[in-house]
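Structural characterization, general
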Amino acid sequence: MPAKEQLTAVERDKVEIDPNFDFRDYVSVDFDDIPPNVMAMFKWAGVYSQLQKGFFMIRLVTPGGLMNTEQFTRALELADDYAQGELCITTRQTLQFHWVRLPDIHKVIEGMQAVGITTHNGCGDVARNTVTCEMQGVCPHEVGDDVRRLIEAVATDPEIQQQQRNLPRKHKISVAGCGKACAQTLINCQGWVPATREHSDGTSETGWRFHAGGGLGARPYLGKVIFDWVPCDLALEVARATVEAFRRHGDRRNRTLARLKIVVDRMGPAAFGDLLLDLLKERGIEGIDRIETAKNPVPYIGASFLSGQGALPQRQAGLNTVRILVPRSEIRTETGREISRLADLYGNGEIAFTSRQNVAIRHVPDASVPLLTEALHKAGCATEGFERAPDIVACVGTTQCKMAVSDTRQSCFTLRDELSADKDYWNRIGPLRIHFTGCPNNCAHAWSADIGLRGRRRRGDTGNVEGYSIFIGGKLSQAGSIAEHLVDIDSDAVNTTVRRLLDLYLANRKQDEPLIQFVERSGVDAIRTTLFGSEGDHA
Amino acid sequence: MPEPRHRIEALLDANRNDEAIEKLCGPHAAREAWEFALLARAYFQRGDARGDFYAAFFFTARAQTAGCDEPWLETLRQRHAPASGDTEASPRRSAYPFDALSQEQGRAAAAKDFDWIARNIPCQEACPAHTNIPEYLTAIYNGEHARAYRLNLESNVFPGVLGRVCARPCEDVCRHGWEGLGDSVAICHSKRAAADLKGRDPVVLDSWFPATGKSVAIIGAGVAGLTIARELARCGHSVTVLEKHATPGGMLNQGIPEFRLPRDVIAREIDQVRALGVTISCGVDVGRDITLSDLRSEHDAVVLAAGTLRPNLLDLPGKALRGIRHGLDFLLEVNTNGTTTIGKHVLVIGGGFTAMDCARTAKRLGAATHSFGDAAHSDAPAGTVLNPPRDHVGVWYRRTHNEMLTTPGELEELGHEQIDMEFLVSPMRYVGKDGTVTGVEFVRNELGEPDASGRRRPMPVEGSAFVVEADTVLLATGQFPDGEWIDAALQDELLDADRWLQRDAEGRTPLADVFVAGDYADGANSLIAAIGHAKRVLRSVDEFLTGEARIEDRVTIEDATETGRIREMDEAPLQEIPLCDLKERDLTTEVETGYTPDLAVDETQRCYRCHYKYEIDSDKCIYCDWCIKVKPRPECILRVKELNYDETGRIVGWEEAASTDETRLIWINQEDCIRCGACMQVCPVDAISLQKVDMETGPACGRAVELPAP
């Protein structure tokens, strides 16, 4: 009979190699003596080998992107000692250490464990750090009181976090505080959005609208509505069932097709919803008749209310969240220590990491906002330009990542320097999300940006030339949209090309029409033709 | 202990950068300004790996921040100065030419297309009839036996026959059999499965052209004669085949024993040739019953496909002794009459197909000996290889088994049937008594340098002569074309000094209307070689008759999304052909019983399907190397600095890139590719295309003529 499908090498490793590493065992081990497949399993402990041989990246798990200053200070101390004095903020609202040597891995992990932060499930085929909106817990728009509870429940659930550690691929969960786009609902495997139901007896009940099947990577998909409403007491059960559905139905043969987004796409949202209900029944969960399946799978997410504010009034009267713009996510420890000090001095010591790789200090009294802002400026921190041209999201690119093909760090700084310098220009442009991602894995979300630049190299007359594919028109609100390919350019043409695009937009937009609407109205083909002449010349 | 600074500097002075990095990072994370500075220098000096320049830049900044003011650090930092970003976007470079073939889709016929087939589908190239082996193996895997049979029939005329007795040059070169990749696919046995499992209805191919009014006589109804007969009939010519023997088939009937090739298989496939309108007249001895001149006057063309009937008898002392005969003559008699007289001590001299058949036939005629007629087999039927064991049969060959020209698996069967083989021995003379042979004197050989055939030449060892007892000697020492039947008046024109036909590679002779095909042209060779030759000669004959080149080869290229295989199929084991039990082995019972449908699937799944082509569109490729990370072979995907072309546009080599920046193409080296598809699976930008590339033969474009309904 025809040969049967066996476990792939990666899947075999996932079964055979225990991911619960004690990195003290590796203190005296030579880097070259670690088998590559074992090293690959380090990811389950949040540890990746870095592009520079012998060094590692360690990623923390901070559900909802929150830390207190004790935890943050510990991270800074460890970065000083073992990570060359630098931390990076990820688009999943957590921190990364780079340049960590093999004998120091356990010191970083244990150092953070001592302040209640884990690296468990930081990477690997597991449920990753749960994300939310950066104002979660303090946002005036937040619906109900269950948001933090669900984040914690998902992040600490033994089934999701401990038992389900052999998923077909990574699994990403977002829990939003309201129906707006701040929590990036549509590009997560699971997207939870608060929703209220009016009951026939006149009472109302807050629950959740449940989305599934979003994800970027090389093949982008936007989440679909699976359930219009899930009561709060069943949300964790649905989250568990979704993880289990993924475990059972994810394509383990081909890692590029393994994500939940492919399961949902192949199955269809309605059938996926039925599958979840069957799983809930199978598990003996009661009350599932209260779950309302989606009448229409097309999502409807409101626009993000984050639009340039440096300080945001909190739902807690008289308190504010003050945001700090972090250039390309890199926090030097000396800056970090000052942020930590100021968070204690002016806030309540709570620090939030944002999906745009920035930092926010919370619970700052109204009167302290100017003082804090001034202190931040003194420390060299910018507090304006959020969701504007200077607020560029970028991955590490070829500086430290094995997958990247372009130096996104350098391109990001080059473009940022140019655009930031002209405040009048970027103020005229208004909301603008530019993202640089170094490879098709899209860690920096180029697909969902207004302008997304994805690293690529192009054949040259000799050798090849580093550059980018530029995509425009991505959005995370309403039903969402995936950015469309505009043009391929070499790295040395990034500034000119982006500027030409922005100039075109400024010259042709209708009143306050944001870039995404301009793109939708004009069409990418027309924009390309206007900018570069006959279609395809640059494509 | 941390290494002193001066020692690390000495390492850097000696350009021993890896060691310096290790020393700097070994004891603890670098934290001093001088450590940062030296790390920056080490990474900068190495500069041969991705990430080195950033690391140099990073540690330069660290060093400067920490207070190190070495001037060279600033120089180093400037090296990493960001590009301005102010260049205008440059237009797309010239489109990637998809170099492997002359075009991306449809029918192609450039030299490079055929060259691609030749270099990428080794089985098809090795097959003299250029059978589309991957496609028919795929059809068998899919259970489409009739389709698989028809594909074979198109190319090699006798699928059922060849599925049993082909010399299998395809299997020698099968990619699956390459070093480190396992065993070749059992192509031949699979072919037979299609013939066995397709059902018994005759399969008659379509004609290519309507009747031309031309007539052709073909002398000899062996595989070459019948092949060219069929193809000429498809071309619309009237064809008559004249056969000396009582039945058509040539070597199939007269040489190959029935236990290897059942007669009904031959008859069915010859009937399929007849069904196209070919007339086969047996018992007609050209030269005696009718002359070549007569045929020339009655027909527009004559094809000589008379095979090799002139035996090569060893010119040794004692050659006239009774008991010495040529093996073909022996086989002809047994195959015609079902038996012949044979002694108890049979010596077969030779190392080819005929030697094997002679030995196995002799064994079945009762010359068997040795000890395997034990009690366990005492119930074996009379006339099988097990009963009764009387005496000795053995094959004596002057080289080793490596140089033998036999059907794969046949040597093993000789072993199973307990037929002795003696290698590196040459006969010197026959020994006899009262006019009858009683033995053969041999001398032992050692192998010298290769001869004209490429096989190592046997060299006699002095003083090693010895005599072996024998009462029957069968000479399987080759045979030649016989030209004596040709009209004396034509012999001068057609034969050269050593009595071989004067001919060119396309079968043309000095007489414009006389052609020669198969073994009669070039001497004894395999059946499939004769078929391949006849197909080439067909074009000469047709062009002579019509004045046009109406038949052409062409390559069809079509997009595909998958090959239909999974990687686990590569690990599936080779399926042995089932055999009948030794006690059933007589003169007529077929030894190989053939694959069951399940076995046919088991085996054909192994074919890599080399007729698929993976190619990277360099305009889409982003040089991410993901394909290189998953490649299964060292050279199947390469970072290429430059491809080398010949004057016809064929890729004839490449220069590997030494660095990422030097890489102009990430290139699939299709000749090393095992068609696993892993690259296409991981490619994040869908830059890798898959196409199926087939070669077919038929009426030249624009030449196909609508035929009247049958």
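Rules of the game
Residues numbered from 1 in each chain as written. Chains lettered and ligands numbered in written order. Predicted model: local features only at pLDDT ≥ 70, side-chain atom pairs only at ≥ 80, totals over all residues. Helix = DSSP H or I, 4+ residues; strand = E, 2+ residues; numbered from the N terminus. Rg over C-alpha atoms; globule rule 2.2 N^0.38 Å. Buried ≥ 20, exposed ≤ 12 C-beta atoms within 10 Å, placed from the backbone. Contact = placed C-beta atoms within 7 Å. Pairing = 2+ DSSP bridges. Axes fitted to C-alpha atoms, helices over the stretch in contact; angles between N-to-C directions. Core = buried A, V, L, I, M, F, W, Y, C linked by C-beta atoms within 7 Å. Domains from an automatic or database assignment. Nonpolar A, V, L, I, M, F, W, Y, C, P; charged D, E, K, R; others polar. Parallel < 35°, antiparallel > 145°, perpendicular 65-115°, else oblique. pLDDT = per-residue confidence, 0-100.

1. Quick look at the overall build of chain A
Looking only at helices and strands, chain A has 16 helices and 20 strands in total. Relative to a compact globule of 539 residues, whose C-alpha radius of gyration would be 24 Å, chain A shows 23 Å and is just as compact. Projecting the C-alpha coordinates of chain A onto the three principal axes gives extents of approximately 65 × 60 × 60 Å. Residues counted as buried form 57% of the 539 residues belonging to chain A. A sequence separation of at least 24 residues applies to 67% of the contacts in chain A between residues at least 6 apart.

2. Comments concerning the overall build of chain B
Of regular secondary structure, chain B possesses 25 helices and 23 strands. Based on the C-alpha atoms only, the size of chain B along its principal axes is roughly 110 × 65 × 50 Å. Out of the 710 residues in chain B, the part that is buried amounts to 47%. For chain B, long-range pairs separated by at least 24 residues make up 70% of all intrachain contacts whose partners lie at least 6 apart in sequence.

3. Focus on the sheet that holds strand S4 (residues 279-282) of chain B
Residue and element names in this part refer to chain B. Strand order in the open sheet formed by five strands is S4-S3-S2-S5-S17, with parallel pairing between adjacent strands. Edge positions in the sheet fall to S4 and strand S17 (514-516), since each of these pairs with one other strand and no more. Going across the sheet, the axis of each strand differs from the next one's by a mean of 20 degrees, ignoring polarity. Looking at chain direction, strand S2 (residues 215-219) and strand S3 (residues 238-243) are connected through five bridges and run parallel. Within S3, the position partnered with Ser215 by the bridge is Ser238.

4. Here's the deal with unusual backbone geometry
With a phi angle near 65 degrees, A:Gln357 is a residue other than glycine that sits in the positive phi range. When the 24 C-beta atoms within 10 Å are taken as the criterion, A:Gln357 is described as buried. For B:Asn15, which is not a glycine, the phi torsion comes out positive at approximately 60 degrees.

5. Considering the nonpolar core
By size, the foremost hydrophobic cluster in this structure holds 216 residues, and its most contacted members are A:Val100, A:Ile105, A:Ile361, B:Leu39 and B:Ala40. Not counting chain neighbours up to four residues away, the residues in contact with A:Val100 comprise A:Phe55, A:Phe56, A:Ile58, A:Tyr82, A:Ala83, A:Ile105 and A:Val108.

6. Description of the domain arrangement of chain A
Taken as a whole, chain A is organised into domain 1 (9-113), domain 2 (147-293), domain 3 (311-378) and domain 4 (403-532). Using only C-alpha atoms to locate each centre, domain 3 of chain A and domain 4 of chain A end up separated by 29 Å.

7. Details of the sheet that holds strand S19 (residues 464-472) of chain A
Residues and elements named next belong to chain A. Here we have five strands laid out as an open sheet, ordered S16-S17-S18-S19-S20, and mixed in their pairing. The open sheet has two edge strands, strand S16 (393-394) and strand S20 (484-490), and neither has a second partner. Examined bridge by bridge, strand S17 (residues 434-437) and strand S18 (residues 451-459) share four bridges and lie parallel to one another. Across the sheet, the residue bridging to Phe436 is Leu453, located in S18. Sitting on the sheet, helix H12 (residues 408-421) touches S16, S17 and S18, and the angle it makes with S17 is about 155 degrees.

8. Overview of the interface of chain A and chain B
Chain A puts 49 residues into the contact, and the matching count from chain B is 41 residues. Counting residues per element, the ones that place at least two in the side of chain A that touches chain B are helix H3 (69-82), H12, S18, S20 and helix H14 (494-508) of chain A. Of the residues forming the side of chain A that touches chain B, the biggest block, five residues, is contributed by H12(A). When the residues that make up the side of chain A that touches chain B are grouped by side-chain class, the tally is 17 nonpolar, 20 polar and twelve charged.

9. Let's talk about the domain arrangement of chain B
Residue and element names in this part refer to chain B. Once the domains are mapped, chain B shows domain 1 (5-79), domain 2 (106-201 + 559-604), domain 3 (215-309 + 481-550), domain 4 (311-480) and domain 5 (612-692). Placing the centre of domain 2 and that of domain 3 at their C-alpha centroids yields a distance of 27 Å. The partner domain 3 presents 24 residues to the 19 residues of domain 2 that form the contact. Grouping the amino acids of the side of domain 2 that touches domain 3 by side-chain chemistry returns twelve nonpolar, four polar and three charged.

10. Side note on the packing of helix H8 (residues 260-267) of chain A against helix H9 (residues 269-282) of chain A
All names here are of chain A. Between H8 and H9, the least distance of the axes is 6 Å, while the angle of their chain directions is 110 degrees. Between H8 and H9, the interaxial angle falls into the category roughly perpendicular. On H9, the residues touching Val263, Val264 and Met267 of H8 are Pro269, Ala271, Phe272 and Leu275. By residue class, the composition of the contact of H8 with H9 is seven nonpolar, no polar and no charged.

11. Concerning the environment of B:Gly67
Along the chain, B:Gly67 turns up in the loop between helix H4 (52-65) and helix H5 (71-79). Taking the C-alpha atoms as reference, B:Gly67 lies 42 Å from B:Ser90; in sequence the two are 23 residues apart.

12. Remarks on the environment of B:Cys127
Residue and element names in this part refer to chain B. Considering the arrangement of structural elements, one finds Cys127 in the loop between helix H7 (122-126) and helix H8 (133-141). Classification of Cys127 by C-beta neighbours within 10 Å gives buried; the count is 25. Taking the C-alpha atoms as reference, Cys127 lies 37 Å from Leu316; in sequence the two are 189 residues apart. Ignoring sequence-local partners within four residues, the contact set of Cys127 consists of Ile133, Pro169, Cys170 and Ile528.

13. Things to note about helix H12 (residues 187-197) of chain B
Residues and elements named next belong to chain B. Taken across its eleven residues, H12 has ten buried, putting it largely inside the fold. Every buried residue of H12 is listed here: Ile187, Cys188, His189, Ser190, Lys191, Arg192, Ala193, Ala194, Ala195 and Asp196. With its phi angle positive at about 100 degrees, Gly199 sits one or two positions after the end of H12.

14. Focus: the confidence of the model for chain B
All names here are of chain B. Residues with a pLDDT of 70 or more make up 94% of chain B, whose mean pLDDT is 90. For the stretch residues 368-378, pLDDT sits under 50, and the model shows 22 contacts to residues farther than four places along the chain or on other chains. If you check the scores for this complex, the pTM reads 0.91 and the ipTM reads 0.93.

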